Every structure is written in structure tokens, then in C-alpha cells.
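# Examining the three-dimensional arrangement
If you want the building blocks of each chain, they are given just below.
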Amino acid sequence: MTVADSNDISTDISSTYKLMPEEGVVKVSKEITFHNDNSDTKYWRGYYSNYNYYLPEAAMNIQVYDDERAMTFSIATEGYHVFYFNKKVWYEESYTFYVTYELEANKNTASFSMNEYGDNIEVTLEVPADFDTHLSRDDYKVEEKLYSSIYKFEKGQEWSTACVVNSVRSSPRLTLTDTAHLDERDVDVTVKYWEGEEEWAQDTMQTAIEGLELLEEKWGVPYPASYNITITQANITETGGYGGYNEGRNGIWLLYTSNHGILIHELAHYWTRACNFDQLWMDEGYADLYTYLVLDEMEPEEAASRRDRFLNKYNDLKDEYDYPLADWSTPESISGSTEERVDFGYKKAFSLTYTLYDTTDINTLQDMNREFVNSGTDIDNSDYLNIANSNIDKDITFIENYIYN
């Protein structure tokens, strides 16, 4: 028989992740030692014959074996893998086996999560020395070798959340060009990308052209810039830790792992800058509002999910970080110590603009947008409130509360 779950079983796990860009994979290997200290299995009353473990959905070429031969495994309906031992593990016995699999990577980029489950875990990550690597955790030691960098998480560290790895080898970029046919002019769009990222480039181009057309429609203002657009695939250092960065005439630097929402947000900044906003909350709040409106046409489910995530995050962070939007500013680059406070500002600004949209309608917002663009002067908080009050015949004291409270 197989005894059910018990607190008297434990595992020692040693995991190694090795990025091999020329093969287009991250090779993962795990040594798992299962210990049976469950006294209910004393005196041959029971044993363990399998072990449940979650592997990434994207795992390829999975192999499981012990020191003597291959092991069988299956996937449960709940999504975890069941590894079947080649022997019965009785009380006070241990059993060591190995799991290997691969995760897809590109020639010059890799983005993946290190997910670990167990009681006593050590993790090693090896990447080529010419890759710029960022981890979502900072509790590791790093050893620089001649041809690689070794990141080590020692045994006993907490693994309740995954560690996201973003690794890039900056190389000469290739170029893709196309044209967005907008209301008052054609806008050439250039996407610069690393070799091996052709699919990313095509997807970025398609999203940019469709997004520009919809942004014009939703803002009620034609594309306001006098120049064409360049979108450059970038690493975390180049974007300052942000998902993207709009440098106006110099184009958009887009993190290679960023989703469609971030690209549309950066494109929306061509309109926010034309609106003469001098407050950060206006610039970012409106960019996120129009990201939602455009995504609602392109990917309605993602738009709704993004909206709900933003509003929920605002409420979750409010007690700890709340401050008036009039006082909001952002650093040049984000670090672990500033990330949540910065994020709260974005979410509060979106909450304001989305509430405004929900309270009024798109036509009213477009009337306000045209006033912003045609104002000929910087729009401060007082100017904004005056324009809002002159266009909206409903109670909008909530705007002032967001700004000053």
C-alpha cells in the first residue's frame, strides 16, 4: 500500500539551471532525495511508492530515473507530475532519483522562472559570461568564471515564490520596418531586435500599428508627433527596471519580456505629452487608461484582467503607501526597495482616470483632450480641475480627493 500525506516525510533537492543559448534551451536537472520518517509505516505497515511535484507547463524532454533505471511518471488532473518509485520506501528509508527537462530559450534572450518545492533546497544557475542577467530575488551569491556566471542559492532558503530570470546577450540588432496609415499622415515604424527574436519583432510591429490606429480613435486627436517611431528591444538595464521607456524622438525602449499592454502604454505617451500635462499622475494615469481602452478592442479579456489587477493592487497597497497624487514622483530606475511605492502611484493614477471614464463617457474625455492639446500652456492640477468642471456636469469631487488626499 501507499501511505497518504504526512508531515513526517521530507525532501532534499539540488537543482541546476544552465542556459545554453546555442542550443536554444535552459537545461534543468534536479536530484531529489525522499526521506520517509512517518512512524505510521513502522513495522511494515505501509510504504511510499510515488512523489508528487510540479514542473513548468513549458518543460520539454522530461526524463526521470534513479541510479539503476528509468522511472515512469504521469500528470495528474491538478497539473502536478507523479513520479513512480522503482522500489518501496519503508520507514526510515530514503530514495534518491533525478529529474531533467529543458525550457525554451532564444539565441540572445532567455526569460524563465525557477520554481522550487521541497524542504531543503539548493539552487544553482549558470549563464554564459556575456549575458546580462537579472533575478527577481537578491538572496544569492554569484561567482564569476572565465566563460560563465554562477548564481547560488544555499540550502535552507525560502522558496515560497518563484525566482524570475531575465538574461540577455546584447548583440547588433536587426531591423524590421512597416508603415502605420494614420488620419493625417503615414508614420514609419521601425523595430530593432536581436537575432533569434524575429517572432517578437513581428508581434511588436503588428501590435504597434494596430495600437496607433486605435489610440487616434480613442483619444479623438490625430497622432500628434512630427516624427516616425523606433521601437528597440532592450534589457532591464536599458529600461531602468521599467517594462518600457518612451524617449520621444529617440523612440521607445521596450523590455524584451514586456507584454502588449506595456507597448501600448508607451505609444500612448505620444498623446500624453501633446496634452501639455505637467503632473506625473496625468501622464501615467492617462497612458494606462488609454492602454485599457485600446486593449479592450484588441484583447478584451486581457484588458479586463489588466484593469482588475490594477484596481485590486491599488486597494491592496493603499493602507501602506497612500499619498496624494500631487506629491507623486518616480526614480530614474526601480530597485527592490522602491518598486511597490512606485507601483502604487501608477495604480492610484489609473484608478483616478478609470473612475473618470466610468463616471463620464469617451466623448467627454475627447472634448477634454482637445482642450489639453490646444491650451498652449502646461496643465497643472488647478488647470486640470477647471477643464474637468467645465466639461462634466456631474459631481467629480473624487478627482480632487485623489490629487490632494
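Predicted model only: the values in this text are computed from it and were never measured.

## Here we look at the overall build of the protein
Counting secondary structure elements, the protein contains 9 helices and 18 strands. The principal-axis extents of the C-alpha atoms in the protein amount to approximately 85 × 45 × 35 Å. The buried share of the protein, reckoned over its 405 residues, is 49%. Across the protein, contacts joining residues at least 24 apart in sequence account for 66% of those joining residues at least 6 apart. Accessible surface for the protein amounts to roughly 19,700 Å². Of this, 42% is attributable to carbon and sulfur atoms. Charge centroids of the protein, computed over 31 positive and 75 negative side chains, lie 6 Å from each other.

## Digging into the side chain of Ser149
With respect to the helices, strands and loops of the structure, Ser149 is situated in strand β12 (residues 148–153). A distance of 2.5 Å separates the side chain of Ser149 from the side chain of Glu144, its partner in a polar contact. Sequence-distant contacts of Ser149, that is, excluding residues within four places in its chain, are made with Leu125, Glu126, Val127, Pro128, Ala129, Glu143 and Glu144.

## Remarks on helix α3 (residues 260–274)
For α3, with 15 residues, the first-to-last C-alpha span of 22 Å sits near the 21 Å given by 1.5 Å per residue. The sharpest bend along α3 comes to roughly 25 degrees, located at Ala268. The element α3 is largely enclosed, with a buried count of 11 among its 15 residues. Within α3 the residues assigned to the buried category are Gly261, Leu263, Ile264, His265, Glu266, Leu267, Ala268, His269, Tyr270, Trp271 and Thr272. Against α1 (198–219), β16 (229–234), β17 (244–246), β18 (252–255), α4 (280–298) and α5 (300–321) lie the buried residues of α3. A distance of 3.1 Å separates the backbone nitrogen of Gly261 from a side-chain oxygen at the start of α3, and that oxygen is part of Asn259.

## Considerations on the sheet that holds strand β1 (residues 9–20)
Here we have 7 strands laid out as an open sheet, ordered β4-β7-β2-β1-β9-β12-β11, and mixed in their pairing. Every interior strand has two partners, whereas the edge strands, β4 (60–65) and β11 (141–144), have only one. Averaged over neighbouring strand pairs, the angle between their axes works out to 15 degrees when direction is ignored. Pairing between β11 and β12: 4 bridges, direction antiparallel.

## Focus: the nonpolar core
In terms of nonpolar packing, the biggest core is built from 75 residues, with Tyr223, Met368, Tyr384 and Ile399 touching the most fellow members. Per-element tally for this core: the top contributor is α4, with 11 residues. Among the nonpolar cores identified, the runner-up in size contains 37 residues, and Tyr17, Tyr53, Ala59 and Leu103 belong to it.

## Thoughts on the pairing of strand β14 (residues 173–181)
For β14 and strand β15 (residues 186–194), the ladder comprises 9 bridges, and the chain directions are antiparallel. Across the sheet, the residue bridging to Leu174 is Tyr193, located in β15.

## Notes on α5
Here α5 is 22 residues long and its end C-alpha atoms lie 30 Å apart, about the 32 Å a rise of 1.5 Å per residue gives. Considered for burial, the residues of α5 that qualify are Ala303, Arg306, Arg307, Phe310, Leu311, Tyr314, Leu317 and Tyr321. Contacts from the buried residues of α5 go to α3, α4, α6 (339–359) and α9 (397–404).

## Points about the sheet that holds strand β10 (residues 132–135)
The strand order across the open sheet formed by 3 strands is β8-β13-β10, and the pairing between neighbours is antiparallel. Single-partner strands in this sheet number two, and they are β8 (109–114) and β10. Strand-to-strand, the axes of this sheet are offset by a mean angle of 15 degrees, without reference to chain direction. The sheet contact formed by β10 and strand β13 (residues 163–168) spans 4 bridges and is antiparallel. Its bridge partner being in β13, Thr133 is matched across the sheet by Ser167.

Cut-off values and rules
Residues numbered from 1 in each chain as written. Predicted model: local features only at pLDDT ≥ 70, side-chain atom pairs only at ≥ 80, totals over all residues. Heavy atoms only, no water. Helix = DSSP H or I, 4+ residues; strand = E, 2+ residues; numbered from the N terminus. Buried < 20%, exposed > 50% of the residue type's maximum accessible area, 1.4 Å probe, protein only. Contact = heavy atoms within 4.5 Å. Areas by Shrake-Rupley, 256 points an atom, 1.4 Å probe, with all protein chains shown as cover. Lys, Arg positive; Asp, Glu negative; His and termini not counted. Charge placed at Lys NZ, Arg CZ, Asp CG, Glu CD. Polar contact = N/O pair within 3.5 Å; in protein donor to acceptor, adjacent residues only side chain to side chain. Expected span 1.5 Å × (residues − 1). Bend = angle between axes of the 7 residues up to and from the residue. Pairing = 2+ DSSP bridges. Axes fitted to C-alpha atoms, helices over the stretch in contact; angles between N-to-C directions. Core = buried A, V, L, I, M, F, W, Y, C linked by side-chain atoms within 4.5 Å.

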